[in-house]
Amino acid sequence: MYRYDEYDQAIVDARVAEFRDQVERRLKNEISEEAFKPLRLMNGLYLQLHAYMLRVAIPYGTVDSRQMRMLAHIARRYDRGYGHFTTRQNIQYNWMKLEEMPDLLADLASVEMHAFQTSGNCIRNISSDQFAAAAADEIADPRPYAELLRQWSTLHPEFSFLPRKFKIAVTGSTIDRAAIKLHDIGLELVQNDAGEIGLKVLVGGGMGRTPMLGHVIREWLPVADYLSYMEAILRVYNRHGRRDNIYKARIKILVNDLGAAEFARQVEEEWVLVKPLGLDPPPSELARIAAHFAPPVLDANAPVEIDQSNPDFANWVTVNTHPHRAPGYAIVTISLKAPGEIPGDASADQMDIIADLAQRYAGDEIRVTHAQNLVLPHVRRADLFDLWQVLVSAGLATANLDRASDIISCPGLDYCTLANARSIPIAQKLAVKLAPQEADLGELKIKVSGCINGCGHHHAGHIGILGVDRKGEENYQLLLGGSGAEDATLAKILGPGFDENGIVTAVEKVIDRYKTLRADPAERFLDTYRRVGAEPFKEAVYG
Amino acid sequence: MPRLLTGNRLETGDVLWWAGSDWSLHLRDAVAVDDDGEALIARLLPQERINDLVLIDVDATPDGWRPRSTRERVRAVGPSVRPDFALPSLPVDAI
């Protein structure tokens, strides 16, 4: 885990003091709401349908038990006893009070956390692979690179007012769990024949109103130079991004308009100017940061074989654990998707329990996934049964990772001012309906957004659902064939939309048709769709 | 069509409804402002105490006001997925 140095802490403490002053002045009417609104947004504080909402940054989705306990404390002390883990690996609180924000942010700062750059046209929270430093398929831990990006992008004066928000993801594996092709910049650590580590650079991906997959603009970037290269990309974007039209302001539009080759040429041209400025840190600095991320000491003799005679436990091990690089260990995913519950929500008590489990069993680390679940990255297989029993008692042992009831959902119209339709009730209904057959269905990723902004990643869903407003009524479009993984594709609309009940029935019809079409029981829905196309599903849904 | 004035309290973000002489947390207390709405907003806006002031269309029903849009019904009641937080303005299933 990275620990703040004196500069990190000073920056966060200064921001807390500054915002305390701003809030006091606003409450005294010394500054107008028009002037104050951008200041609160720069501190992650939105005004939503029912109350203020605070989005707390969780860099690359990693927290320790001390931080998770603070997140629980905030839920209990300042909210209504729960928080919502988001698709950007952050956490949101839905019932905030402006007058309590300064004390809350001071509490956060006491555990090296903050909420700035979780809103606005700046570089947002850097996201990464939730299995970092644990996955057997990993080339290198991406988090030191993400942490350096965090430091570089924090309050970066040149990039605090970009044409639009900017999202970066870093992964260290060819198995893409960070959706790098759907980010403004996606970085993949790669290894050459000499064993050296470099970065593959993708630019121009994203979801939202105009979904696009990112383009590779550099197959190999030496890690020693990557910060200056990022600066060059951001400079080209900052200079030429469409500030005249909010809907065309993301970098994906610029890359698409210029063409990836021309965009890359301009970046290389800019890089020639940027690189000599000395922005790239010496190797010792990256090594200093990387030392913070050293995995816990692992027991080389930890037993691999464990008693799985309890069928529920055995099923949970099969579905919710992933091979660890150390044979006697496992990566555990704690599902926040019990069918019928709100995807991504966790109570303060659950957060405390997970903090305890992390401290006791998982090297004191917890990861937040972009699929709104939590991960304990380093668990001895011999401890899995004890851990599972605690999860069962806390309502956290749902065995549904990447299955039909493991549904991503944005907050939708139940909370969000931007939403056109509710998304959570759709996810709840689908999860309850599909859970009984999900073991038969295998991997099936369903993603629900309540508006075109796509926080529920509907374009990356094997089955995606988009809520829209149709003459004042909630209406839901059905999309099929998306993926946010290494085989990324964008889901396509199947046909006319449905009401709240109709969309659930339509998804059931799609799944029923899939079961008749799949080549064998192991063929995923996505692969069947890619093999047979949309027509059989259209016929099933629309007749 | 009746129109109500609504906004969010600066200090807490609470959803508020104009009740004639002051604000209420409950839709059932709201008073239709109809053609006086714009003037009311013009008077209240400079006070800078209520954010996102807006007039919304409602229907008068035997059970009270019913906002026409789903969004405003959700605002009046609370999240439809957390009935434990619901305000007694409308039944949750009225959303």
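Data block above holds the structure.
Residues numbered from 1 in each chain as written. Chains lettered and ligands numbered in written order. Predicted model: local features only at pLDDT ≥ 70, side-chain atom pairs only at ≥ 80, totals over all residues. Heavy atoms only, no water.

A. A look at the interface of chain B and chain A. With 24 residues of chain B in contact, the opposing surface of chain A contributes 29 residues. Interface area, chain B with chain A, both sides summed: about 2300 Å², of which 53% is carbon and sulfur. Counting across the chain B and chain A interface gives one salt bridge. Two residues, Arg26 of chain A and Glu48 of chain B, come together in a salt bridge whose shortest N-O distance is 3.3 Å. At the boundary of chain B and chain A, one finds 12 residue pairs in polar contact (both at pLDDT 80 or more). (Contact = heavy atoms within 4.5 Å. Buried area = accessible area lost by both parts, 1.4 Å probe. Salt bridge = Lys/Arg side-chain N within 4 Å of Asp/Glu carboxyl O. Polar contact = N/O pair within 3.5 Å; in protein donor to acceptor, adjacent residues only side chain to side chain.)

B. Summary view of empty space enclosed by the protein. Residues and elements named next belong to chain A. Following the criterion strictly, the structure yields five cavities of 30 Å³ or more and no others. Forming the boundary of the largest cavity are 15 residues, of which Pro59, Tyr60, Thr62, Gln67 and Glu112 lie nearest the centre. At the level of elements, β3 (62-63) and α5 (143-153) are the ones that each hand at least two residues to the lining of the largest cavity. Residues of the lining of the largest cavity, tallied by class, amount to nine nonpolar, three polar and three charged. In this structure, the second largest cavity encloses a volume near 130 Å³. Forming the boundary of the second largest cavity are 13 residues, of which His114, Gln117, Asn125, Arg150 and Thr154 lie nearest the centre. For the lining of the second largest cavity, a count of residues per class yields five nonpolar, six polar and two charged. (1 Å grid on protein atoms, 1.4 Å probe; cavity = no way out; pocket = protein on both sides within 12 Å on 5 of 7 lines; lining within 4 Å. Points joined across faces, edges and corners; volume = space filled by probe spheres on them. Helix = DSSP H or I, 4+ residues; strand = E, 2+ residues; numbered from the N terminus. Nonpolar A, V, L, I, M, F, W, Y, C, P; charged D, E, K, R; others polar.)

C. Expanded view of unusual backbone geometry. Positive phi, close to 65°, is recorded for Gln89 of chain A, a residue that is not glycine. One non-glycine residue, Glu48 of chain B, lies in positive phi territory at about 60°. Inspection of the secondary structure assignment puts Glu48 of chain B in the loop between α1 (37-44) and β4 (50-61).

D. Region of interest: the side chain of Arg150 of chain A. Tracing the backbone shows Arg150 of chain A in helix α5. In this structure, Arg150 of chain A is in contact with Tyr2, Tyr4, Asp8, Pro59, His114 and Ile126 of chain A, ignoring residues within four places of it in sequence.

E. Representation of the sheet that holds strand β1 (residues 3-9) of chain B. Residue and element names in this part refer to chain B. A sheet is described by the order of its strands in space; here five strands give the open sequence β3-β2-β1-β4-β5, paired in antiparallel fashion. Strands at the two margins of the open sheet, each flanked by one partner only, are β3 (23-24) and β5 (64-67). Of the strand pairs in this sheet, β1 and β4 are connected by six bridges, and their pairing is antiparallel. The residue bridging Asn8 from the neighbouring strand is Asn51, located in β4. (Pairing = 2+ DSSP bridges.)

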